[in-house]
Amino acid sequence: MTPLEPSAGGRVLSWPGCENVRDLGGLPTTDGGRVRWGALVRGDRPRSTAVPALRAHGVRLVADLRLAAECRADPGPAVPGRRHLPVLRDEDDVLEALDDTLPGIYRVILDRGARRFAAVLSAVAHAPAGGVLLHCHSGKDRTGLAVALALSLAGVSRQDIAADYAVTAVCLRLDDHLAALDDDAVRDRSLRLFAEVTADTMLAALTHLDGRHGGAEAYLLAGGLPPADLALIRARLVER
């Protein structure tokens, strides 16, 4: 499998004050449709300078997937339609403590987060007309899993979901993050985990989702997603 190029179809967006931004529009679905342009955007936490760009892009719901403590430390701009929808437990505030590898971390997040991810997808289903921005701190881990679940419901293939996830390795800059780390061992661990931002890592997460939880739909329904929201999400995200 060849990962999607960062500029493929114009999906990578350049927004001041927001990195790792991609419009998921144009991704094909297995039944012959495509993800609607402008319907679903992923990125890192938007700063105030990003607000004009996200509004111009038609974003009407900003789903913040970070923990409450992260939001207090870095609240970000007050934008209409912002909702706080954390996908981690408060006690899971250090991802590196969940497992030694990125696939392992993602398995733990999924196993513990069905109810919270279901709340995110329900918010997508009932968002105002326009686009939805999903973001966490860097738009890599929590955002990557939430986007994977949304695209799975839309009918995007596992290969294309994984290929989009892998684009993060090109779009995301680690300089500021690494500069804030004063421990060599912690810095080395961050670099090692970032090297695992590959299509294979997301494919492993999706394989775990299928094997342990019966796939994205069964997983989210078990987490409390109303069955009627499945059709709303598909209608919102997919054009035939």
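Let us look at the structure shown here. Because the structure is a prediction, the values reported are computed rather than measured.

**With respect to the packing of aromatic side chains**
Here the distance between the centres and the angle between the planes together describe a pair of aromatic rings. Counted under the stated rule, the structure contains one aromatic pair. Ring centres 6.1 Å apart and planes at 80° place the aromatic pair Y106 and Y165 in the edge-to-face group. Pair noted here: Y106 is in helix α3 (residues 102-112) and Y165 is in helix α6 (residues 158-171), with a separation of 59 residues, a long-range link. A residue is classified by how much of its surface remains accessible, and Y106, at 0% relative accessible area, is buried. Classification of Y165 by relative accessible area gives buried; the value is 1%.

**Things to note about unusual backbone geometry**
The backbone phi angle of N20 is positive, close to 55°, even though this residue is not glycine. On the secondary structure map, N20 appears in strand β2 (residues 18-23). Taking relative accessible area as the criterion, N20 reaches 4% and is therefore assigned buried.

**A closer look at the pairing of β2**
Most of β2 sits inside the fold, with five of its six residues counted as buried. What sits between the antiparallel neighbours strand β1 (residues 12-15) and β2 is a turn of two residues, in which G17 has the positive phi angle 75°. Across two bridges, the pairing between β2 and strand β4 (residues 40-43) is antiparallel. The residue of β4 that forms the bridge with R22 is R42.

**Looking at the pairing of β4**
Within a regular strand, side chains alternate between the sheet's two faces. Of the two faces of β4, the one holding L40 and R42 and the one holding V41 and G43 are both buried throughout. Sheet topology note: the β4/strand β7 (residues 131-135) ladder contains four bridges and is parallel. Along β7, the bridge assignment pairs L40 with V132.

**Re the environment of V197**
Tracing the sequence through the fold places V197 in the loop between α8 (184-194) and α9 (199-213). V197 sits in the buried class, given a relative accessible area of 4%. Separated by 30 residues in the primary sequence, V197 and V167 place their C-alpha atoms 8.6 Å from one another. Excluding anything up to four places from it in sequence, V197 contacts L102, K140, Y165, A166, T168 and A169.

Reading the values: the criteria
Residues numbered from 1 in each chain as written. Predicted model: local features only at pLDDT ≥ 70, side-chain atom pairs only at ≥ 80, totals over all residues. Heavy atoms only, no water. Phe/Tyr/Trp six-rings, centres within 6.5 Å; stacked < 30°, edge-to-face > 60°. Helix = DSSP H or I, 4+ residues; strand = E, 2+ residues; numbered from the N terminus. Buried < 20%, exposed > 50% of the residue type's maximum accessible area, 1.4 Å probe, protein only. Pairing = 2+ DSSP bridges. Contact = heavy atoms within 4.5 Å.

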